[in-house]
Amino acid sequence: MSATSPTSAARETWIDWLRVFACLMVFTVHSTEPFYLGGQGSLILNEADAFWSSAFDSLVRACVPLFIVASSYLLFPLKYSAAEFARRRAARLLIPFLLWTIVYALAWGEPAQNFHDLLFNFNYAAGHLWFVYMLLGVYLIMPLLSPWAETVGRRELQFYLLLWLFSTFIPLLRDWLSGGETSVIYGPSGLPRQALYPLWGECSWNAYGVFYYISGFLGYLLLGLYFRRFVGPLSWRTTALIALPCYLAGFAICFGGFLSRVMISAAGSFPVEGLVEKAVWWETTWCNDTIGVAMMTIAWILLFRKFTSTGKAYKSLLLPISKASYGMYLCHLLVLVPVSSAVREWLGSGDAGRLGFWTTPAEIVLSALCAYAIVALFAVAVQRIPHVGKYIVG
């Protein structure tokens, strides 16, 4: 691997490929959710739904980290002052976010309560908006780290990436030590979370242990920097030799972790249901700060870096969708929810559906693709409205 530093004038076409497919992955994640979320919070009707939910969601769980890697690769270290960076990001990020936050507050739930709650957090009915808050946090830390990022050496950056990779085992270790499903409690936000098993400096009066500041999405920021600074072009053979085992291992961790927890909850009998904390426990290995997701993210980056086509399909289809991908993310649930409901009503549920064992995967794929096509057409069209479009969809 040799150092590489792409010029600002050259468009990184592989990032466009990454954005388009990462956005489709998000649609797939949310098309899968109805097959394990429902009832009082958690509901899986049969063993087939358990298998397909685990398979599809695990396949695409790297979607959000890929967006962070894309931002890091293109923006980090900063090319201008912190004030200029904030101004540029505010226009592109905050205005569309505020607009769609208002839309969701009016469309879903009780508007008065929604607007009150927005003073403290995102609208839980539009759960995907958590991403914007996290992204803002990453942007806030970029100016502080940029001077270091400009001069950091390969070995030093590798050291911090190894520390971060170690931190991705901590949620799994915490789950194991704290006893699994029965230790899920309600956190201060009112949402269920794993009970904190104190590790390496954590205690009742201190949640900031030794690995706290090197964990989470900061690692994906560093990962994007590493690929930008120190990973040169790789052959298809080298890419496959690294990416394939990395992806398969990460998928196995995510898939096996979810499915095994569902089977423990089911105890041989379906349907299995409960409060939402049951699903939170099932999703332990799906969390973005866990090793399986990190490994699949690395594999996807290696693969997408081979996508450099700039032909007609790229210019007329893929590039416009890439530019509108943020807006697609913001508004997509307004389309995906009714599309998914309509598809499920048409095909039925689980083994009793029109396609038997294959009903669930057909519904997931069809819902994701149909909603993606509709939202892409809308977002691309709106973005082309002069002077206004960029404030609606970014």
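Residues numbered from 1 in each chain as written. Predicted model: local features only at pLDDT ≥ 70, side-chain atom pairs only at ≥ 80, totals over all residues. Heavy atoms only, no water.

(A) View of the packing of helix α2 (residues 47-59) against helix α16 (residues 359-383). Following both chains from N to C, one finds α2 and α16 inclined at 35°, their axes separated by 9 Å at the closest point. Crossing of α2 against α16: the hand is right-handed. In this structure, α2 contributes Asp-49, Trp-52 and Phe-56 to the contact, and α16 contributes Thr-360, Pro-361, Ile-364 and Val-365. Classifying every residue of the contact of α2 with α16 by side-chain character gives 5 nonpolar, 1 polar and 1 charged. (Axes fitted to C-alpha atoms, helices over the stretch in contact; angles between N-to-C directions. Helix = DSSP H or I, 4+ residues; strand = E, 2+ residues; numbered from the N terminus. Left-handed = near helix turned anticlockwise from the far one by under 90°. Contact = heavy atoms within 4.5 Å. Nonpolar A, V, L, I, M, F, W, Y, C, P; charged D, E, K, R; others polar.)

(B) The arrangement of helix α12 (residues 291-304) in detail. Helix length check: α12 (14 residues) gives 20 Å between terminal C-alpha atoms against 20 Å at 1.5 Å per residue, within 8%. α12 sits mainly inside the fold: 13 of its 14 residues count as buried. (Expected span 1.5 Å × (residues − 1). Buried < 20%, exposed > 50% of the residue type's maximum accessible area, 1.4 Å probe, protein only.)

(C) Focus on the pattern of salt bridges. A complete count under the given rule lists 6 salt bridges for this structure. A salt bridge links Arg-61 to Asp-57; its shortest N-O distance comes to 2.7 Å. Across the pair, exposure class does not vary: Arg-61 and Asp-57 are buried alike. Between Arg-261 and Asp-175 there is a salt bridge whose closest N-O contact spans 2.7 Å. Here Arg-261, found in helix α10 (residues 236-266), pairs with Asp-175, found in helix α8 (residues 170-178); they are 86 residues apart in sequence, far enough to count as distant. Here the salt bridges do not stand alone but share partners, grouping Glu-84, Arg-87 and Arg-88 into one network. (Salt bridge = Lys/Arg side-chain N within 4 Å of Asp/Glu carboxyl O.)

(D) Spatial organisation of the side chain of Ser-167. On the secondary structure map, Ser-167 appears in helix α7 (residues 154-167). With a relative accessible area of 5%, Ser-167 lands in the buried category. At a separation of 2.5 Å, a polar atom in the side chain of Ser-167 contacts the main-chain carbonyl oxygen of Trp-164. What Ser-167 contacts, discounting residues up to four positions off in sequence, is Phe-211, Ile-214, Ser-215 and Asp-289. (Polar contact = N/O pair within 3.5 Å; in protein donor to acceptor, adjacent residues only side chain to side chain.)

(E) Focus on the state of the cysteines. Summed over the entire model, instances satisfying the criterion amount to 0 disulfides. Not part of a disulfide, Cys-287 finds its nearest cysteine sulfur in Cys-254, a span of 9.4 Å. Using a relative accessible area of 34% as the deciding quantity, one classes Cys-287 as partly exposed. Looking at the unpaired Cys-331, the closest cysteine sulfur is the one in Cys-23, lying at 8.9 Å. (Disulfide = S-S within 2.5 Å.)

(F) How the structure looks around helix α15 (residues 333-347). Across its 15 residues, α15 extends 21 Å between first and last C-alpha, which sits within 8% of the 21 Å expected from 1.5 Å per residue. Listing the buried residues of α15 in full gives Leu-333, Leu-336, Val-339, Ser-340, Val-343, Arg-344 and Leu-347. Angular distribution of buried residues about the axis of α15 spans 130°; they occupy a single face of the element. Packing partners of the buried residues in α15 comprise α1 (13-32), α2, α4 (82-107), α14 (325-331) and α16. (Arc of directions from axis to C-beta.)

(G) Region of the structure containing unusual backbone geometry. The linkage connecting Phe-76 with the following residue, Pro-77, adopts the cis geometry, with an omega of 0°. Residue Phe-270 is joined to Pro-271 through a cis peptide bond whose omega torsion reads 0°. One can find Pro-271 in the loop between α10 and β4 (272-275). The residue Trp-200 is not glycine, and still its phi comes out positive at about 50°. Mapped onto the fold, Trp-200 is located in the loop between β3 (192-194) and α9 (218-230).

All we've got here are geometric facts, nothing functional implied.
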